[in-house]
Amino acid sequence: MAVVGIIGGSGLYELEGMEVKERLKVATPFGEPSGEYISGSLAGKKVVFLPRHGQGHCISPTEINYRANIYGMKKLGIEYLISVSAVGSLKEDIRPLDIVLPDQFVDRTNQARKITFFEKGIVAHVSFSDPVCPVLRELLFKAAEETGAGVHRKGTYLNMEGPAFSTRAESFLYRSWGMDIIGMTNMAEARLAREAEICFATVALVTDYDCWFEKEDVSEVSVGLVIENMKKNIARTKKILTI
């Protein structure tokens, strides 16, 4: 049976309904992962769950040890990896509480995130033109449709640095580039999963319109808004993961 890994983002620190069998501390050559890997079953499927920001959201996007997290998943036998993330929308037709299944990424991080396993004398040029597994993304799309959610089959995820949100000028710039959604974490996970030969896809949960949408009272993005809408999306996300 294929083992499915799930990385939870803001607001998703545990999987309700998961039958937990064990909590695993995994040693890696790249340091400590974000926390213990929770192994068990969900809807009859063997799964391993890891909250990327740690329990209680104590690790910022820049400080996440992405290499350790993905290495640990590989070490535990993960073949399919689903990354659940909160994102902002850069297009009006991608509304808060919608779900986007991105097929492309653009990296705008500007600090030294470690996003390759190949260094210190080991060089590998890995194909990354299509960074998301199309088979897994299509399965997630069909599952998301069954929940009645507003779901977008594809889109481009712009990965910003964080932990601060965008300036309004940046938000308008990214819109002019044709970007669809904006987040802080998934580019590194996608790239490392590709290097580790793990089938990867993102379930992006739209929480806000970033800060470009200058209408009524939704022109500012805040932690409170993100968490409020993320909580609304969590139940739907758990349903997607069990279909």
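The present account deals with the structure reproduced in this document. Computed from a predicted structure; not experimentally measured. (Residues numbered from 1 in each chain as written. Predicted model: local features only at pLDDT ≥ 70, side-chain atom pairs only at ≥ 80, totals over all residues. Heavy atoms only, no water.)

For the coordinates displayed, the defined rule picks out one cavity of 30 Å³ or more. Here the largest cavity is characterised by a volume of approximately 40 Å³. Looking at the largest cavity, the residues that line it are Asp107, Thr109, Arg113, Ile115, Asn159, Met187 and Ala188. Here the residues of the lining of the largest cavity are counted per class, giving three nonpolar, two polar and two charged. (1 Å grid on protein atoms, 1.4 Å probe; cavity = no way out; pocket = protein on both sides within 12 Å on 5 of 7 lines; lining within 4 Å. Points joined across faces, edges and corners; volume = space filled by probe spheres on them. Nonpolar A, V, L, I, M, F, W, Y, C, P; charged D, E, K, R; others polar.)

Take the packing of helix α1 (residues 66–75) against helix α4 (residues 186–195) next. The N-to-C vectors of α1 and α4 enclose an angle of 45°; their axes lie 10 Å apart at closest approach. With respect to their mutual orientation, α1 and α4 come out oblique. Here the hand of the crossing between α1 and α4 comes out right-handed. Where α1 abuts α4, its residues Tyr66, Arg67 and Ile70 lie against Ala188, Glu189, Leu192 and Ala193. In terms of residue class, the contact of α1 with α4 is built from five nonpolar, no polar and two charged. (Axes fitted to C-alpha atoms, helices over the stretch in contact; angles between N-to-C directions. Helix = DSSP H or I, 4+ residues; strand = E, 2+ residues; numbered from the N terminus. Parallel < 35°, antiparallel > 145°, perpendicular 65-115°, else oblique. Left-handed = near helix turned anticlockwise from the far one by under 90°. Contact = heavy atoms within 4.5 Å.)

What follows deals with unusual backbone geometry. Going from Gly162 to Pro163, the amide bond is cis rather than trans, its omega being 5°. By the element assignment, Pro163 lies in the loop between β9 (156–159) and α3 (168–176). Unlike most non-glycine residues, Lys120 shows phi in positive territory, near 55°. The class for Lys120 is exposed, based on a relative accessible area of 81%. Backbone geometry at Glu197 places phi at a positive 60°, although glycine is not the residue there. Turning to its location among the elements, Glu197 is positioned in the loop between α4 and β11 (199–208). Residue Glu197 is classed as exposed on the basis of its relative accessible area of 69%. (Buried < 20%, exposed > 50% of the residue type's maximum accessible area, 1.4 Å probe, protein only.)

Turning our attention to the pattern of salt bridges. For the structure shown, the criterion picks out five salt bridges. Between Glu138 and Arg153 there is a salt bridge, with the nearest N and O atoms lying 2.8 Å from each other. Placement of Glu138 in helix α2 (residues 134–146) and of Arg153 in the loop between β8 (151–152) and β9 is noted, with a sequence separation of 15 residues between them. What makes Glu138 partly exposed here is its relative accessible area of 26%. (Salt bridge = Lys/Arg side-chain N within 4 Å of Asp/Glu carboxyl O.)

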